[in-house]
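Chain residues, written in single-letter form:
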Amino acid sequence: MITRSNLAEQLREYQIRSKHDWASVSFFSSTANITSRVDVVIFVIWELVILGFLVFSAVSLYFRHIRLAFTLVCIAVLLFLSMKITKKVRQARKKKRRMLLPLSM
């Protein structure tokens, strides 16, 4: 027989099983709010691309190409901002989807 306490216990077990305590893989955030391995991979790739743009801008500054260095830094900043926005949108979408699940899930 399905009772409220059984449903609450199932929900508690589901939350314990689905909770992942990821180490902080992000260079740019102090908290690890990443919930799945796919998110980890996506954000590590984003951060490597941003780091690459910053390194190439430093190299171009070394060779005294000021405009190219400035352009690369601007692209890196835009990528950083879009990474943050994407992260917030994904978290909001997952939170909304989680709220739509029935209690028995």
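Treat the numbers as computed from the prediction; the structure is a model and nothing was measured.

This part takes up a positive patch on the surface. Where like charges cluster on the molecular surface, the positive patch consists of R93, K95, R97 and R98. Among the structural elements, R98 can be located in helix α3 (residues 66-100).

A separate point is a nonpolar patch on the surface. A cluster of nonpolar side chains, contributed by L48, L51, V55, V59, Y62 and F63, occupies part of the molecular surface with about 640 Å² of accessible area. In this structure, V59 sits in helix α2 (residues 37-62).

Each turn of an α-helix holds 3.6 residues, which means side chains three or four residues apart point in the same direction. Given a rise of 1.5 Å per residue, 26 residues ought to cover 38 Å, and the 37 Å separating the end C-alpha atoms of α2 matches this to within 8%. For α2, the set of buried residues is D39, V40, F43, E47, I50, S57 and S60. Tucked into the core, α2 has its buried residues touching α3. R64 occupies a position one or two residues after α2 and carries a positive phi of about 60°.

This paragraph deals with the packing of aromatic side chains. Per the stated rule, a full pass over the model turns up 1 aromatic pair. When the ring centre of F43 is taken as reference, the NZ or CZ atom of K87 above it lies at 5.8 Å.

Parameters at a glance
Residues numbered from 1 in each chain as written. Predicted model: local features only at pLDDT ≥ 70, side-chain atom pairs only at ≥ 80, totals over all residues. Heavy atoms only, no water. Patch = residues over 30% accessible without salt bridge, like charges linked within 9 Å, V, L, I, M, F, W, Y side chains within 5 Å. Areas by Shrake-Rupley, 256 points an atom, 1.4 Å probe, with all protein chains shown as cover. Salt bridge = Lys/Arg side-chain N within 4 Å of Asp/Glu carboxyl O. Lys, Arg positive; Asp, Glu negative; His and termini not counted. Charge placed at Lys NZ, Arg CZ, Asp CG, Glu CD. Helix = DSSP H or I, 4+ residues; strand = E, 2+ residues; numbered from the N terminus. Expected span 1.5 Å × (residues − 1). Buried < 20%, exposed > 50% of the residue type's maximum accessible area, 1.4 Å probe, protein only. Contact = heavy atoms within 4.5 Å. Phe/Tyr/Trp six-rings, centres within 6.5 Å; stacked < 30°, edge-to-face > 60°. Lys NZ or Arg CZ within 6 Å of the ring centre and 35° of its normal.

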